[in-house]
Amino acid sequence: MAGIVDGSPSAFAERLAQDGGRAWIVADRETGAPRASHPWLSDVVELLRMDRRDHHAHEGMFFEVGRETGALHAAFVHWTDRGQGAGGVRHWPYPRLEDLLRDGLRLSVGMTRKNALAGLWWGGAKGVIARQPGDRFKDPSYRRMLYREYGDFISSLCGCYVTAEDAGTTPTDMSEVFARTRHTTCIPRELGGSGNPSEPTAKGVVRAMEGALAFLGLGTLEGKTIAMQGAGNVSGFMISELLARGVARIVASEISPARLEQIPKDPRLEVRLVEAGDTSIFDEPCDVFAPNALGGTLDPDSISRLRAKVVCGAANNQLLDAERDDASLAARGITYVPDFLCNRMGIVTCANEQYGAMPHDPAIERHFGSDWDNALFVITQRVLARAAAEEITPAIAANRLADELARQPHPIWPGRSRQIIDGLLAARWHERR
Ligand code: NAD
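Residues numbered from 1 in each chain as written. Predicted model: local features only at pLDDT ≥ 70, side-chain atom pairs only at ≥ 80, totals over all residues. Heavy atoms only, no water.

A. Summary view of the pairing of strand S1 (residues 22-27). S1 sits mainly inside the fold: six of its six residues count as buried. The sheet contact formed by S1 and strand S3 (residues 60-65) spans five bridges and is antiparallel. In the sheet register, Arg22 faces S3, and the bridge partner there is Glu64. By the bridge criterion, three bridges tie S1 to strand S2 (residues 34-36) in an arrangement that is antiparallel. Considered in S2, the bridge of Val26 is made with Arg35. The turn linking S1 back onto S2 is made up of six residues, and Gly32 within it adopts a positive phi angle of 80°. (Buried < 20%, exposed > 50% of the residue type's maximum accessible area, 1.4 Å probe, protein only. Helix = DSSP H or I, 4+ residues; strand = E, 2+ residues; numbered from the N terminus. Pairing = 2+ DSSP bridges.)

Here you go:
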């Protein structure tokens, strides 16, 4: 069916509903070439086959139409050598099926790398729910139905993908998913989950800042100036961490007057209320710049204005164009700590919820230490050293290291998720609704 990738996810869901409501695309084990459950998916297979950017021989992609909502549910399982594919489910509007596919493919690769660099025994995967047109998605009873459907979908995949919270998804939504499947993390604390990860995220980013400064021979954070865009949850905790480490000055920009009121006062801290389009924070002279608001803020304009030695912050996908902007930062002599390396603590805190929790959990604390290979302070320096030795940018170095680590087999369950995918295909998962 020509043109299916240019059509909307809703059009794809309608076509899929006419043919049983489920489909898969998996990579051939030998060649990596994609093959699909239905001949009419040839358009999608061709897109994947020709793509050199987002498709990396993903082990499995699964699609299902919600029985009650008619929404398109998807799971993208990238690599699972380190364990089950893990990553959040994004509930987002996509104009075209191709946009949804590219987001799922790209984000699942990102999760393989983030999980591997964090030393987690998880592979990489990502979920996507195509937001349906209109305002329905705001209705709590619709959301309950939608996320319960998603939970059923995840259960049907038998554990090759373990889902989590992501953009467009709330803790309440995750409790609906959890009502239908055990294969989820990031559930609310009252259901045995790990709760809001903002504090450990902030601490992790600060440890990565310390790693970058140490690598550059610039000492510790003591006496340094930090500029940050956004003074939200992560920034609030980051400010406390930085003040406790003796920074000389913190300058932050924030667009929400309500949020500004909540930030405790300190003589070394200046939080400026700005308009949404205001970018003056990029002109601020500082040692470290922390993008802590939204993604995509580092572009040719903002990079040319930065007056920082190091960029290290919490926001996801900070570079508007990953390759171009990574190279521009390096060309300006600014050390960029890739976001997927330093903002890992959200997934770290929820990834292993099934192993229980305790105060000062050693499984969490080791990320903040200095004597574990994957600790933030250590791995930041490893990545920067590799970038220098191989004369590549830190993001490329981080990807190379991540791809090596992602090939390590799970110590107890090697190959398990691929076997699960084989089992789904053998049982004709796509015909079993
Ligand atoms: P948040 O929404 O609490 O904070 C973001 C703040 O930025 C808000 O207060 C908002 O008003 C402000 N803001 C938005 N646009 C702005 C602009 N143009 N200029 C100045 N301020 C602006 O979110 P958060 O939980 O603090 O997360 C911050 C970033 O880190 C997000 O991009 C998030 O996706 C990412 N992240 C967060 C976690 C976590 O554990 N919370 C983990 C990984 C990544």
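B. Molecular detail of the site of the ligand. Around the ligand sit 21 residues in total, of which Thr201, Asn233, Val234, Glu254 and Ala293 are the nearest. One of the backbone nitrogen or oxygen atoms of Val234 is found 2.8 Å away from an oxygen atom of the ligand. Contact distances for the ligand include 2.7 Å between an oxygen atom and a backbone N or O atom of Ala293. Computed on the free molecule, the ligand has an accessible area of 820 Å², of which 76% lies beneath the protein chains in the complex. Every element with two or more residues in the shell around the ligand is listed here: helix H6 (198-215), helix H7 (233-244) and strand S10 (249-254). Partitioned by chemical class, the residues of the shell around the ligand number eight nonpolar, eleven polar and two charged. (Near = heavy atom within 4 Å. Polar contact = N/O pair within 3.5 Å; in protein donor to acceptor, adjacent residues only side chain to side chain. Areas by Shrake-Rupley, 256 points an atom, 1.4 Å probe, with all protein chains shown as cover. Nonpolar A, V, L, I, M, F, W, Y, C, P; charged D, E, K, R; others polar.)

C. Region of interest: the side chain of Gln132. When you line up the elements, Gln132 lands in the loop between strand S7 (123-130) and helix H4 (140-156). Within the local environment of Gln132, its side chain forms a polar contact with the backbone oxygen of Thr69, the two atoms lying 3.0 Å apart. What Gln132 contacts, discounting residues up to four positions off in sequence, is Thr69, Gly70, Ala71 and Tyr142. (Contact = heavy atoms within 4.5 Å.)

D. A look at the pattern of salt bridges. Within the structure shown, the criterion is met by 40 salt bridges. Between Arg102 and Asp51 there is a salt bridge whose closest N-O contact spans 2.8 Å. Of this pair, Arg102 sits in helix H3 (residues 97-117) while Asp51 sits in the loop between helix H2 (42-50) and S3, placing them 51 residues apart in sequence. A residue is classified by how much of its surface remains accessible, and Arg102, at 18% relative accessible area, is buried. Residue class for Asp51 comes out buried when judged on its relative accessible area of 11%. (Salt bridge = Lys/Arg side-chain N within 4 Å of Asp/Glu carboxyl O.)

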